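For reference, the chains in residue letters:
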Amino acid sequence: MEIGERLKEARKEKNISLESLQDITKIQKRYLMAIEEGNFDVLPGKFYARAFIKEYALVVGLDPDELLEEFKSQVPMPNEEEQVQYTRLSRSQKDKGKGNSIFSFIPTLIVVLLIIGIILLVFYFMNQKTDKTSIENEDGQMDDNEFYVSNPDDKDDEDDEEQPVDDDADTTDETKDDNETTEHQSELKLVETGSGNRPESTFELVNPGDEVKITFESKEKTWLEVSNTAGERLFYNNLTKESSPLELDVTSEEKVYIQVGYAPDLTITVNGTELEYPVDPNEAVTQKIWVHMVEES
């Protein structure tokens, strides 16, 4: 079997048309057809052949590195000049994407600061009103038309009333316990959303607790890569329905990198909380995700 036939077979198993594959990978349909037919001379360069095959493999749930190694005799090797040009182009596109992401975050930051400012102003005026009322009550005097009649029986009533029940102590303790529980509760927050057909997004797991476990569950079959900041692969293979769920203990890791080949097939759960893909998986089936562990005091 040739590499093009292997890719075409995997595409049909996923029930993905060439038109859909073109929309996902942004590779022209005629190049995709050339790859399936093994006609690499049609492609714009030898390096593009390897790059296009990797994109194709990720979408249909194949390991691109293993595929290229298995069929290395069939795939043309790029020369050094082509590889340098492609690397520069990829770096330029990546830097442009990062710049757009930073500027797109500024309006959101301004709105958040405005909301915080309004809340602080409301809190300030409420305190001013409360203080003013307290001063008026302390300085208030009896009206000239009012008079006070001393009743001998009032003494007994006062004695009866001087038996306060200290309910506030119990309420304060319960409130304190609730606040402590809420303060240390873990939360999964989206802090950056990527764009394009292979977006790279970032989540923060705030107050992760004593252990962090990430669970992956596949409905049928998808390619999955999980690694840490040191580049060590915690998982690097196809994940199937039969091998699901996959649970990884990442308690000792500061950051975890996840690359999903076919996002509509895969459900990700972090410490019991389902991770919602920032970009619609039907529009970007291949997604890259960072999960940072953050402790807040």
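Since the model is a prediction, treat every value here as computed from it, not as a measurement.

Undergrad: Break down unusual backbone geometry for me, citing the residues and quoting the values.
TA: Here Ser244 and Pro245 are connected by a cis peptide whose omega angle stands at -5 degrees. Considering the arrangement of structural elements, one finds Pro245 in the loop between strand 5 (233–240) and strand 6 (246–249). With a phi angle near 50 degrees, Asn207 is a residue other than glycine that sits in the positive phi range. Its location among the elements puts Asn207 in the loop between strand 2 (200–206) and strand 3 (213–218).

Undergrad: Describe in detail the packing of aromatic side chains, supporting the description with residues and values.
TA: In this description, a pair of aromatic rings is defined by centroid distance and the angle of the planes. Counting across every chain of the model gives five aromatic pairs. With centroids separated by 4.7 Å and ring planes inclined at 85 degrees, the aromatic side chains of Trp223 and Tyr236 adopt a geometry described as edge-to-face. With Trp223 in strand 4 (residues 221–228) and Tyr236 in strand 5, the pair connects residues that are 13 residues apart, well separated along the chain. One exposure class covers both Trp223 and Tyr236, and it is buried.

Undergrad: An account of the sheet that holds strand 8 (residues 266–270) is needed here, citing residue identities and associated values.
TA: Pairing is antiparallel in the open sheet, where four strands are placed in the order 6-3-8-9. In this open sheet, the two strands that pair with only one neighbour each are strand 6 and strand 9 (273–275). In this sheet, neighbouring strand axes are inclined to one another by 25 degrees on average, regardless of whether the strands run parallel or antiparallel. For strand 8 and strand 9, the ladder comprises three bridges, and the chain directions are antiparallel. Paired with Val270 across the strands is Thr273, a residue of strand 9.

Undergrad: Please set out the environment of His292 residue by residue, giving values where relevant.
TA: Position of His292 among the secondary structure elements: in strand 10 (residues 287–294). The spacing of His292 and Phe203 is 89 residues in sequence and 6.2 Å in space, taken between C-alpha atoms. Not counting the four nearest positions on each side in its chain, His292 is found in contact with Thr202, Phe203, Glu204, Leu205, Glu254 and Lys255.

Undergrad: Got a sec to walk through helix 3 (residues 29–37)? Specific residues and values, please.
TA: Three or four residues apart is the spacing at which side chains of an α-helix point the same way, because the helix has 3.6 residues per turn. Residues Tyr31, Leu32, Ala34, Ile35 and Glu36 constitute the buried set of helix 3. In this structure, the buried side of helix 3 is in contact with helix 1 (3–13), helix 2 (18–25) and helix 4 (46–59). The first or second residue beyond helix 3 is Gly38, which carries a positive phi of 75 degrees.

Undergrad: Let's hear about the sheet that holds strand 1 (residues 187–192): which residues, and what values?
TA: Spatial ordering of the open sheet is given by 1-2-10-7-4-5, a layout of six strands whose pairing is mixed. Since the sheet does not close on itself, it has two edges, and those belong to strand 1 and strand 5, each with one partner. The average angle at which neighbouring strand axes cross in this sheet is 20 degrees, direction not considered. Both strand 1 and strand 2 contribute to a ladder of five bridges, which runs antiparallel. Its bridge partner lying in strand 2, Glu187 is registered against Val206.

Undergrad: Any chance you could break down helix 4 for me, citing the residues and the numbers?
TA: Under the 1.5 Å per step criterion, the end-to-end length of helix 4 is 21 Å for 14 residues, consistent within 8% with the ideal 20 Å. Counting buried positions over the 14 residues of helix 4 gives eleven, a clear majority of the element. Among the residues of helix 4, those classed as buried are Phe47, Ala49, Arg50, Ala51, Phe52, Ile53, Glu55, Tyr56, Ala57, Leu58 and Val59. One or two positions beyond helix 4, positive phi appears at Gly61, with a value near 85 degrees.

What counts, and at which threshold
Residues numbered from 1 in each chain as written. Predicted model: local features only at pLDDT ≥ 70, side-chain atom pairs only at ≥ 80, totals over all residues. Heavy atoms only, no water. Helix = DSSP H or I, 4+ residues; strand = E, 2+ residues; numbered from the N terminus. Phe/Tyr/Trp six-rings, centres within 6.5 Å; stacked < 30°, edge-to-face > 60°. Buried < 20%, exposed > 50% of the residue type's maximum accessible area, 1.4 Å probe, protein only. Pairing = 2+ DSSP bridges. Axes fitted to C-alpha atoms, helices over the stretch in contact; angles between N-to-C directions. Contact = heavy atoms within 4.5 Å. Expected span 1.5 Å × (residues − 1).

Without other data, these values stay purely geometric and don't point to any function.
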